[in-house]
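Residue-level listing of the chains:
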Amino acid sequence: MSTSLSNGDLEVVRHTALFGGLSDKLLTSLLKTAILQNVMPGEILFMQSDKVEACFVVLDGWVKIYRLNQYGDEAVIGVFSRGQSFGEAAVFSMSKYPATAEAVTEAQLLRLPRNALVNCVRQNPQYSFGMLASTSQHLHDLVRQIEQLKTNTGTQRVARFLASLCPVAEGSCTIGLPYDKALIASRLGMKPESLSRAFARLRNVGVRVEQSSAAISDVKLLRGYAEYDRNDAGILRKYER
């Protein structure tokens, strides 16, 4: 199966936290059990409480992980893109998936069967370090999300999200929004109407959002807004005047 991957995709897999510590020989052996999977927007990869059968690496596109509450509302846990993996913690520690995975866009995934991963760890204990690294990375991301929810305003979280998509550190650029605004709002812990108000406030720092794109006149200014201390009234006036 590894020969079916492009050189670019193989490098993506090689540099994930999950597989970064493997030798070429071991990685090649493991990838022989993998399956390339193309999915369409809205396609379910696994449901909350399904039996754990595999984990995934995103080669292209976007996938969201979410849980449903008792009222049927989605709580988005994470959104994953090229070079990110998901489901690996469940493979080794759970019998059932704790959340649902759904394709947000057309996506290409590398599906790694549970049995192959478990056997790999049993035969090569050093691989467990890759598992620990990947799990630690997911935990770090969750802690960072909680920190932003606690310490940043909604508009700052939107500014940080847009800045993360910018291909340049300064100057101007236009970026495409990777998925719909309802999902952006959910990912950032906001209501859709709050997201719309945040987009409007960001006009003060040169952001114009239209449909599925955002024009940013000054990326450095946008990053500065995302990082300011909301308790510093002087800096707040600087950005919102």
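For the structure itself, consult the block above.
Here's what I pulled together on the structure shown here. (Residues numbered from 1 in each chain as written. Predicted model: local features only at pLDDT ≥ 70, side-chain atom pairs only at ≥ 80, totals over all residues. Heavy atoms only, no water.)

A closer look at the sheet that holds strand S10 (residues 207-210)
How we decide: Note on pairing: two strands pair once DSSP finds at least 2 bridges between them. The helix and strand labels rest on DSSP assignments: H or I over at least four residues marks a helix, E over at least two residues marks a strand, and numbering proceeds from the N terminus. With axes taken as lines fitted to C-alpha atoms, and helix axes fitted only over the stretch in contact, angles between N-to-C directions fall between 0 and 180 degrees.
One open sheet holds the 3 strands; their spatial order is S9-S11-S10, and the pairing between them is antiparallel. Edge positions in the sheet fall to strand S9 (173-176) and S10, since each has one partner strand and no second. Direction aside, the axes of adjacent strands within the sheet are offset by 20° on average. The pairing of S10 with strand S11 (residues 213-216) spans 4 bridges and is antiparallel. In the sheet register, valine 209 faces S11, and the bridge partner there is alanine 214.

Here's the deal with the packing of aromatic side chains
Basically, it comes down to this: In summary, the pairing rule links any two rings of Phe, Tyr or Trp, Trp by its six-membered ring, whose centres are within 6.5 Å, and it sorts them by plane angle into stacked for under 30 degrees, edge-to-face for over 60 and tilted for everything else. Burial classification: accessible surface area is computed with a 1.4 Å probe over protein chains only, and a residue below 20% of its type maximum counts as buried, one above 50% as exposed, and the rest as partly exposed.
The full count for this structure, using the stated rule, is 7 aromatic pairs. Consider the rings of phenylalanine 46 and tyrosine 97, whose centres lie 3.6 Å apart with planes at 10°: the pair is stacked. You can see phenylalanine 46 sitting in strand S2 (residues 44-46) and its partner tyrosine 97 sitting in the loop between helix H3 (88-93) and strand S7 (100-103), a full 51 residues away along the chain. For the pair formed by phenylalanine 46 and tyrosine 97, the shared burial category is buried.

A word on the side chain of threonine 100
The criterion, for reference: Contacts described as polar in this section are N or O atom pairs within 3.5 Å, which, within protein, must combine one atom able to donate a hydrogen with one able to accept it, while residues neighboring in sequence count only if both atoms come from side chains.
Inspection of the secondary structure assignment puts threonine 100 in strand S7. Note on threonine 100: relative accessible area 2%, which makes it buried. A distance of 2.9 Å separates a polar side-chain atom of threonine 100 from the backbone nitrogen of glutamine 48.

Topic: the packing of helix H6 (residues 154-165) against helix H9 (residues 219-227)
The cut-off we apply is this: Each angle receives one of four descriptions, namely roughly parallel if under 35 degrees, roughly antiparallel if over 145, roughly perpendicular if within 65 to 115, and oblique otherwise. If you view the pair so one helix is near and one far, a crossing is left-handed when the near helix is turned anticlockwise from the far one by less than a right angle, and right-handed when it is turned clockwise. We call two residues contacting when some pair of their heavy atoms lies within 4.5 Å. Each residue gets one label: Ala, Val, Leu, Ile, Met, Phe, Trp, Tyr, Cys and Pro are nonpolar, Asp, Glu, Lys and Arg are charged, and the others, such as Gly, are polar.
The interhelical angle for the contact between H6 and H9, taken along N-to-C directions, is 140°, at an axis separation of 8 Å. With respect to H9, the axis of H6 lies oblique. When you trace H6 past H9, the crossing you get is left-handed. Of the residues in H9, those in contact with Thr155, Gln156, Ala159, Arg160, Leu162 and Ala163 of H6 are Leu222, Arg223, Tyr225, Ala226 and Glu227. Counted by class, the contact of H6 with H9 contains 6 nonpolar, 2 polar and 3 charged residues.

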